[in-house]
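Structure assessment
For reference, the chains in residue letters:
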Amino acid sequence: MSRDLENETRELRARIAALVEEAANNERLLKRSQQRELDLLKADNLRELFEAISKGLLASYGLEAVTLLLCDPQHEIRHLLIADHVSTDDFPNVIFTDSMVGVAPQFNAFHKPWLGPYMGCDHQLLFPRAESLRSVALIPLRRNERLQGSLNFGSSDEKRFSRHLATDFLAHLGVIASFAIENAVNRARLVRSGLTDFLTGWHNRRYLHARLKEELARAQRQGSGLTCLLIDLDKFKQINDQHGHLAGDMALREAAQRVDAHIRDSDAAARFGGDEFVVLAPGISPEQAGALAERIRAAVCESPLEIPGGKSLNLTVSIGVAGIVLDRNHSDLKAAAEELLAEADAALYRAKQNGRNRVELA
Ligand SMILES: Nc1nc2c(ncn2[C@@H]2O[C@H](COP(=O)(O)OP(=O)(O)OP(=O)(O)O)[C@@H](O)[C@H]2O)c(=O)[nH]1
């Protein structure tokens, strides 16, 4: 065999070996991508999805930064998170915006992934915490022709995301991520709709029971107390009887709004049934609870409610207030919840007996 042929064979072997290695690498990459995409699709709720995106993708692709930008003009996703007790502070890499305009110039015509150098002036809003980034990939998240956000990868390697690289794999990931986000949001909406009262927009009795147990457990852990206000409209049946059901509904909505103005984000509130509302206020003293109930009572009767037909209604409420402090050995939270509600109910009964439009403490 001539020397030339020997060299050529050696070169060919080396090229085949390189190709085989590249194919094996690609297969590993593909498997890893498929696993990551499955993790996104498997996420049961927004918290799991955010974790799969912000932590899972970061680790599996060996990136310096992964952020998720979500366009949430009605603050719906943020409200769903609050309702699910998820704090946005737990996910600093998930960024909410009311509009995609002005976030990054690449979003102006954003139909496929954009790869290129990191530029502080253009990309700072997308990577607020990342330092030392040299290249980025911005992946559009679209559903039904609408841009709902972007998935953003940042690398300290300037060659990692360069303009001439193929973007098919990233575009595919974008489609999966968009689908997973829509799924998680829909699921959160569904859960919430089962826990919401449609007339007032407040939570319903089912939610209150679940939340009451959580609040009791939290109060017990923190060694603090929990106060329950049971609020009932006075002579509500008369409103229905004299002015009709629609006027009654208006009165319920208005009363809920007037109460709502006096409760804090950390309080839990629900329409408990017919004309009855419950507010749970953690960590306040009996005096503060009495004062809160008095403010609510005064707010409801502050001004008459105009109803159709040029008439007006005077709304008043009676409120029963009860508080509970659990020691660490108390294990039956269900019984404690029932006891708290029963005491508030007994106090409410006294408020009704003593003339209505008043607050009674248990
Ligand atoms: N319009 C309207 N009425 C409702 C709704 N749910 C319950 N009700 C009515 O609310 C009334 C509740 O009356 P009660 O709480 O029994 O008594 P009340 O007239 O408020 O009298 P006191 O509580 O003793 O002051 C009933 O007549 C129910 O039919 C609702 O969603 N809309």
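As a convention, each chain's residues are numbered from 1 in the sequence order in which they are written. Totals for whole chains, interfaces and linings use every residue, but because this is a predicted model, local features are given only for residues with pLDDT of at least 70 and side-chain atom pairs only at 80 or more, for both listing and counting.

Secondary structure elements follow DSSP: runs of H or I no shorter than four residues count as helices, runs of E no shorter than two count as strands, and numbering proceeds from the N terminus. Across its full length, the chain holds 10 helices and 12 strands. Counting every position in the chain, which comprises 362 residues, the buried fraction comes to 33%. Within the chain, residue pairs in contact and separated by at least 24 positions form 67% of the contacts whose partners lie at least 6 positions apart. Neighbour density around each residue's C-beta defines its exposure: 20 or more other C-beta atoms within 10 Å make it buried, 12 or fewer make it exposed, and counts between make it partly exposed, where C-beta atoms are placed from the backbone. We call two residues in contact when their backbone-placed C-beta atoms lie within 7 Å.

Feature annotation in UniProt assigns "coiled-coil region" (unreviewed entry) to the following positions: residues 2–36. Here residues 2–36 runs as 97% helix and 0% strand, with 51 Å between its end C-alpha atoms. UniProt positions are given in the numbering used here, feature names are shortened, and annotations may be inferred rather than shown by experiment.

Angular values range over 0 to 180 degrees, each being the angle between N-to-C directions of two axes fitted as lines to C-alpha atoms, with helices fitted over their stretch in contact. For the pair helix 6 (residues 205–222) and helix 10 (residues 333–353), interaxial distance at closest approach is 10 Å and the crossing angle is 105°. Taken together, the axes of helix 6 and helix 10 lie roughly perpendicular to each other. Listed contacts from helix 10 to L212, K213, L216 and A217 of helix 6 are L333, K334, A336 and A337. An angle counts as roughly parallel when it lies under 35 degrees, as roughly antiparallel when it exceeds 145, as roughly perpendicular when it falls between 65 and 115, and as oblique in every other case.

Take the pairing of strand 2 (residues 94–97) next. For two strands to be treated as a pair, DSSP must find at least two bridges joining them. Judged from the 4 bridges that link them, strand 1 (residues 65–71) and strand 2 form a sheet pairing that is parallel. Counted as the bridge partner of L70 is F96 from strand 2. Crossover handedness is defined by viewing with both strands directed away from the observer: a clockwise path from the first strand over the helix to the second marks the crossover as right-handed. On the question of chirality, the crossover connecting strand 1 to the parallel strand 2 by way of helix 3 (residues 76–83) is right-handed.

This next bit is on the environment of K237. Residue position: K237 is located in helix 7 (residues 236–243). Remark: the alpha-carbon pair of K237 and D275, spanning 38 residues in sequence, is separated by 9.1 Å.

Once that is clear, we can look at the confidence of the model for the chain. What pLDDT conveys is the predictor's confidence in a given residue, as a value from 0 to 100. Averaged over all residues, the pLDDT of the chain is 91; the fraction at 70 or higher stands at 100%. Per-element confidence in the chain is highest for strand 12 (residues 359–361), whose mean pLDDT is 98, and lowest for helix 3, whose mean pLDDT is 84. On the interface metric, ipTM, the complex scores 0.97, and its pTM is 0.59.

Now for the sheet that holds strand 7 (residues 268–273). With mixed pairing, the 5 strands of this open sheet are ordered in space as 7-8-6-11-12. Each edge of the open sheet is held by one strand with a lone partner, namely strand 7 and strand 12. Between one strand axis and the next, the sheet turns by 20° as a mean value, whatever way the strands run. Two strands pair when backbone bridges link them, and strand 6 (residues 225–233) and strand 11 (residues 317–325) are joined in this way by 9 bridges, in the antiparallel orientation. Counted as the bridge partner of L229 is V321 from strand 11. Taken strand by strand, helix 6 contacts strand 6, strand 7 and strand 8 (276–282), and its axis lies near 140° from that of strand 7. Where helix 8 (residues 245–260) meets the sheet, its contacts fall on strand 6, strand 7, strand 8 and strand 11, and the angle it forms with strand 6 comes to roughly 150°.

Following both chains from N to C, one finds helix 2 (residues 46–61) and helix 5 (residues 168–193) inclined at 160°, their axes separated by 9 Å at the closest point. As judged from the angle between their axes, helix 2 and helix 5 are roughly antiparallel. When the axes of helix 2 and helix 5 are compared, the crossing they make is left-handed. Only A177, A180, I181, A184 and A188 of helix 5 make contact with helix 2, whose side of the interface consists of L46, L49 and I53. Here the contact of helix 2 with helix 5 is built from residues that sort into 8 nonpolar, no polar and no charged. Left-handed describes a crossing whose near helix is turned anticlockwise from the far helix through less than a right angle; right-handed describes the clockwise counterpart. Under the scheme applied, nonpolar residues are Ala, Val, Leu, Ile, Met, Phe, Trp, Tyr, Cys and Pro; charged residues are Asp, Glu, Lys and Arg; polar residues are all the others, including Gly.

Even without a glycine there, the phi angle at R356 is positive, about 70°. Tracing the chain through its elements places R356 in the loop between helix 10 and strand 12. Judged by C-beta crowding, with 14 C-beta atoms within 10 Å, R356 ranks as partly exposed. A positive phi angle, close to 45°, is found at N357, a residue other than glycine. For N357, the position within the fold is in the loop between helix 10 and strand 12. Taking the number of C-beta atoms within 10 Å as the measure of exposure, N357 has 19 and is therefore partly exposed.

Tracing the backbone shows G274 in the loop between strand 7 and strand 8. In this structure G274 comes out as exposed when scored by C-beta crowding, with 11 C-beta atoms within 10 Å. Along the chain, G274 and L252 lie 22 residues apart, while their C-alpha atoms are 8.8 Å from each other.

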